[in-house]
Amino acid sequence: MEISRGIFLNGHRVLSLALFVTMAMNLWRCVRCINEQEIIQTNVPATSQLLTELVYNSLFNLTAIFSGEIKDRLSFCVKDVNADWNGAFNFSSNLGFLSSCIKTKGDLTQRLCTAAEIKFYFSGFYESGSKSTNYLKPNKNCNLTSWVSGCEPGWACSAGANEKVDLKNVKQMPARTFDCSPCCEGFFCPHGITCMIPCPLGSYCPLASLNKRTGICEPYGYQLPPGHSNHSCGGADIWADVGSSTEVFCSAGSYCPSTIEKIPCSSGHYCRAGSTSQKRCFRLASCNSKTANQNITAYGIILFASLSTLLLIIYNCSDQVITTRERRQAKSREAAARSARETAQAREKWKSAKDIAKKHAIGLQTQFSRTFSRKKSVRQTDFGKAKHGTDAAALPPKGKKIKEQSNLTKIMHELDDDPNNHEGFNLEIGDKNLKKNMPKGKQLHTHSQIFKYAYGQIEKEKALQEQNMNLTFSGVISMATDIEIRTRPMIEVAFKDLTLTLKGKKRHLLRCVTGKIMPGRVSAVMGPSGAGKTTFLSALAGKATGCTMSGLILINGKVESIHSYKKIIGFVPQDDIVHGNLTVEENLWFSARCRLAADLTKPEKVLVVERVIESLGLQAVRDSLVGTVEKRGISGGQRKRVNVGLEMVMEPSLLILDEPTSGLDSSSSQLLLRALRREALEGVNICMVVHQPSYALFKMFDDLILLAKGGLTVYHGSVKKVEEYFAGLGINVPERVNPPDYFIDILEGIVKPNTSSSVNDKQLPVRWMLHNGYPVPSDMLQNFGALTESPCHGEGSGNGEPNRHDGGVAANARSPGAGDQSFAGDLWQDVKFSVELKRDHIQHNFLKSKDLSNRKTPGVFKQYRYFLGRVGKQRLREARIQLVDYLILLLAGACLGTVAKVNDETFGALGYTYTVIAVSLLCKIGALRTFSLDKLHYWRESASGMSSLAYFLAKDTVDHFNTIIKPLVYLSMFYFFNNPRSSFTDNYIVMVCLVYCVTGIAYAFAIFLEPGPAQLWSVLLPVVLTLIATQNKGSRIMKLASNLCYTKWALEAFVVANAESC
């Protein structure tokens, strides 16, 4: 009986449930097909639960209706509409507030807001902007003519039993003015509409209670309407906006599993405002009961200590790393020297064996001759008189142990004793009236050939005597390169009527300079200040900018760009542009690796560097830092020699030096010039500017180019003939007077020529032109006096035609008032000249020319590796500066993390605003040092053919260390003192992007601006951009500008990361 009764009851329940499902399927097509109150009165739990889920599904499915508008209005902080909507309205885990409301309000579906009402409410919410207001615009149910009690805050009304309500209707509000009553728990009823909206997760929406003392419905803060005695406090009245209604959120220190339940946080857990569950504190953090946040300062201290230890290890071990690397390089040099020495010894042993074999062959020949010929003594006599250069001549005569000096050895000693002796060869240039006694036949007629062979013979003799002894690097080089000698390509530079005119000024810097500089000779350029000596060298090297150049420059007799040979041309600037934080050897070795031919082996490059170090006398300081202005290094003379050595190690064919002896004493100057003369013996064409050399130094030059003021040539020819030439003009050098000093004093106007001479300093350039038959400009002939009738009146053409431009200049000079301009005209000319000068600099830097040097240097990737090693070594030696940067970041993070606490109302926007400004400022100032301090080094290296891409990539790669470490350093203080909602990883990712962005901006400032303006812009830019990015109101242009500010995106990323962690 009981069993059958149970079956009957269960069948009745199933039947009732099936009936309800059938009716619920049509619930939203016609709102009231069955009375909800009647279903509730049946007291069937399954039926009530199903109705609750149907109501919930109706609310949850509104996502598709609002997704488009949410994306338009909230795209800056909403990534996934469905996910965020689910996070706010997913009540599936606890539908108790819906069940309670259904029981209390039998017509819940008639009181819920439709899509049109929700859109109306939130539109007003957006239109109010930052204004905190609870009033909405008049609508169908709440206006001046109709204002029911449901329009008051916390109350709602029903649409009526027979009214059809479609929750998905977005166009029309239903009439909702019946049966007004307080809002249910877990819902909020805004002021100005008569429907209910569910409170989102994380909020606490209980029924309000009246505070009779204040007349406010707590905890929401609205008052009862006057004159309505039966009106009581209802539910919540406002959307859970943390900025204007903090009381709606679940209070800090408690968590709310549902919108009608609040539970205090237990010990060992923490609950931020709006929490739906309590979170367990970290192991080292301290959390009491009802704690709103955990104290994680201990982790900050641990991270700070770890970073400090790591940086100290790097700082202290950097010297050890560099020392180990230098030791390995020293072993590499020793291995290269040993290999070269063994190769030379093997060659000498083979030569000795070959000589012995020849000797035995000659002995056999002699024995056969004694047997079959009667003229033995005659043949022996002929053998004793063997010619030099044959194999027989290399054998010593019998009975003599000491080898007699050969002719080459004698020539070597003669040249060492008298370096000015040019007997046997003559390469005089310039003076066409001088006789040229050129060698004939197979004579050796250059310094390079004589010294190369003679020096090799001496080293061979040393090798035979010292096979088991350590040789010098110079000896090893000579022996190792005995058979296969790397010959350098010769470069002869000829110039005809070379004239440089300053743009916009019509002033000549050089004028009518004609001549040539030849391989194997050392040419000196001298003259008074303002004579255009440096300009002349810059013109030859193709570095003259801001000038109009006329005339011809011939390279090896052809009209070609000098830039086509830049890989084998060395240019030593007047300033010592050397990396001060590298040693002498490191500077030279880097230049050699990047500029020597790529097919050279490492031992060969090592030998080249060692030869330069030895020839420049830098052995004692090879491992010493060059030094900077702040940190003392090697002496000034040694630094000057390192500056020259940077070009010597690349084995140039043309070497141009701008005042390499300035600031050096006589001994240092002679040491430097001896090294240059050794380079000239290898066929290098050397031209250099010299100021007041001593007589001994002056006689070491081969040729002299003497310029007068205005860039005019006074003499161009052999140093040996300069006194003879001036003596022919009646200018004799007094006794005990240095000839170059005397000539420069005459050109300067300090010393007047002898009274017996009719020549003055103004006439000397014309005298030289007429002496060599060069064309003379017409305006210069007018100053010459009686020599006006000259067949040559043109400039630069040689065809006798007068130069109109120079005539015009002369005419302007004769009429003082003709060239006068107004102030505006002068200003315009100056601006035009500055623009043209800047354009010339840009064109010069990006000039592309065909490579004719026949030297293939290392590619971009190999140079990138070389640059990376150099920059890394420099940063290790600048570790103290890096530590200062990190210390400042630590202090900034600690201060801002303590002062600007993150609060739930703004998600830490204020603290992150300060963070963006501080990090931008500090990282930009640090990144400026990457390029602004090395600009001169870059221009020099780039002009020599080194890869600019490799240089930039190496710098940027090393700076990635700062990009990764600096955010860690800052956040180690800021994050653990501030303790924001977002995770450390989120903050670190945003911070890395911010640092990388500001580093790129700092690169642009450092490259295109001078150091002063670059620092000023680095300070102002983050402040200005942050002010623009945080403007809520503004014009369309201001909004567009804010979208271009990196500060806006950084701030939004920080705030969104905090908002997503709620």
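Everything quoted here is computed from the prediction, not taken from an experiment.

### Structural notes on the overall build of the chain
Check the secondary structure of the chain and you find 34 helices and 20 strands. Split into buried and exposed, the 1062 residues of the chain put 46% on the buried side. Here the chain has roughly 54700 Å² of accessible surface; of this, 57% comes from carbon and sulfur atoms.

### Examining a positive patch on the surface
On the surface, a cluster of positive charge is contributed by Arg327, Arg328, Lys331 and Lys602. Ranked by residues supplied to the positive patch, first place goes to helix H9 (residues 297–372) with three residues. For lysine 331, the location among the structural elements is in helix H9. The exposure class assigned to lysine 331 is exposed, which follows from its relative accessible area of 54%.

### Structural notes on the environment of phenylalanine 974
Take phenylalanine 974: it is sitting in helix H30 (residues 948–978). For the pair phenylalanine 974 and tyrosine 912, spaced 62 residues apart in sequence, the C-alpha to C-alpha distance is 9.9 Å. Dropping the residues within four chain positions of it, phenylalanine 974 is found in contact with Gly893, Leu896, Gly897, Gly911, Tyr912, Thr915 and Asn979.

### Details of the confidence of the model for the chain
When pLDDT is averaged across the chain, the result is 74; 70% of the residues are at 70 or more. Every residue in residues 464–484 scores below 50 in pLDDT, and together they form 38 contacts with partners more than four places removed in sequence or on other chains. Contacts of residues 786–819 to residues separated by more than four positions or lying in other chains number 45 contacts, the stretch itself having pLDDT below 50.

### Observations concerning the sheet that holds strand S14 (residues 522–526)
Spatially, the six strands line up as an open sheet ordered S16-S17-S18-S14-S19-S20, and their pairing is mixed. One side of each edge strand has no neighbouring strand; the edge strands of this open sheet are strand S16 (569–572) and strand S20 (712–718). Along the sheet, successive strands turn relative to each other by an average axial angle of 10°, direction set aside. Taken strand by strand, helix H22 (residues 764–772) contacts strand S19 (703–708) and S20, and its axis lies near 50° from that of S20.

### Some details on the environment of lysine 721
Looking at the element boundaries, lysine 721 is found in the loop between S20 and helix H20 (722–728). Under the relative-accessibility criterion, lysine 721 is labelled partly exposed at 29%. Counting along the chain gives 18 residues from lysine 721 to aspartate 703, while the straight-line C-alpha distance between them is 9.3 Å.

### A closer look at the packing of aromatic side chains
Two aromatic rings are characterised by how far apart their centres lie and by the angle between their planes. Summed over the entire model, instances satisfying the criterion amount to 25 aromatic pairs. Here tyrosine 220 and tyrosine 222 contribute two aromatic rings whose centre-to-centre distance is 6.4 Å and whose plane-to-plane angle is 10°, an arrangement assigned as stacked. Between phenylalanine 726 and phenylalanine 743, the ring centres sit 4.4 Å apart and the planes meet at 20°, which makes this aromatic pair stacked. You can see phenylalanine 726 sitting in helix H20 and its partner phenylalanine 743 sitting in helix H21 (residues 739–748), a full 17 residues away along the chain. Its relative accessible area of 2% is what places phenylalanine 743 among the buried residues. Through a chain of ring-to-ring contacts, the aromatic side chains of Phe590, Phe867, Phe931, Tyr938, Trp939, Tyr951, Phe952 and Tyr1003 assemble into a single cluster. Sitting above the plane of the phenylalanine 571 ring, lysine 543 keeps its charged end 5.2 Å from the centroid.

### Description of helix H27 (residues 879–899)
The end-to-end C-alpha distance of H27 is 30 Å, a good match for the 30 Å that 21 residues give at a rise of 1.5 Å each. Considered for burial, the residues of H27 that qualify are Ala879, Gln882, Asp885, Tyr886, Leu889, Leu890, Ala892, Gly893, Ala894, Leu896 and Gly897.

### Describing the environment of leucine 887
By secondary structure assignment, the location of leucine 887 is in helix H27. Residue classification places leucine 887 among the partly exposed residues on the basis of a relative accessible area of 48%. Through-space distance from the C-alpha of leucine 887 to that of serine 308 is 9.5 Å; in sequence the pair is 579 residues apart.

### Here's the deal with the side chain of arginine 870
Inspection of the secondary structure assignment puts arginine 870 in helix H26 (residues 860–877). One polar contact links arginine 870 to glutamate 941, side chain to side chain, over a distance of 2.6 Å. For arginine 870, the residues in contact, after removing those within four places along its chain, are His579, Leu582, Phe590, Glu941 and Tyr951.

### Some thoughts on the pattern of salt bridges
Tallying each qualifying case throughout the model produces 20 salt bridges. In this structure, the salt-bridge partner of lysine 709 is glutamate 748, at a minimum N-O distance of 2.9 Å. A residue pair is termed long-range when its members are at least 10 positions apart, and lysine 709 in the loop between S19 and S20 and glutamate 748 in helix H21 qualify at 39 residues. A salt bridge links lysine 955 to aspartate 934; the shortest N-O distance between them is 2.5 Å. Taken together, the residues span a long stretch of sequence, with lysine 955 in helix H30 and aspartate 934 in the loop between helix H28 (909–932) and helix H29 (935–943) at a distance of 21 residues. Take lysine 955 and aspartate 934: they sit in the same class, and that class is buried.

What counts and how
Residues numbered from 1 in each chain as written. Predicted model: local features only at pLDDT ≥ 70, side-chain atom pairs only at ≥ 80, totals over all residues. Heavy atoms only, no water. Helix = DSSP H or I, 4+ residues; strand = E, 2+ residues; numbered from the N terminus. Buried < 20%, exposed > 50% of the residue type's maximum accessible area, 1.4 Å probe, protein only. Areas by Shrake-Rupley, 256 points an atom, 1.4 Å probe, with all protein chains shown as cover. Patch = residues over 30% accessible without salt bridge, like charges linked within 9 Å, V, L, I, M, F, W, Y side chains within 5 Å. Salt bridge = Lys/Arg side-chain N within 4 Å of Asp/Glu carboxyl O. Lys, Arg positive; Asp, Glu negative; His and termini not counted. Charge placed at Lys NZ, Arg CZ, Asp CG, Glu CD. Contact = heavy atoms within 4.5 Å. pLDDT = per-residue confidence, 0-100. Pairing = 2+ DSSP bridges. Axes fitted to C-alpha atoms, helices over the stretch in contact; angles between N-to-C directions. Phe/Tyr/Trp six-rings, centres within 6.5 Å; stacked < 30°, edge-to-face > 60°. Lys NZ or Arg CZ within 6 Å of the ring centre and 35° of its normal. Expected span 1.5 Å × (residues − 1). Polar contact = N/O pair within 3.5 Å; in protein donor to acceptor, adjacent residues only side chain to side chain.

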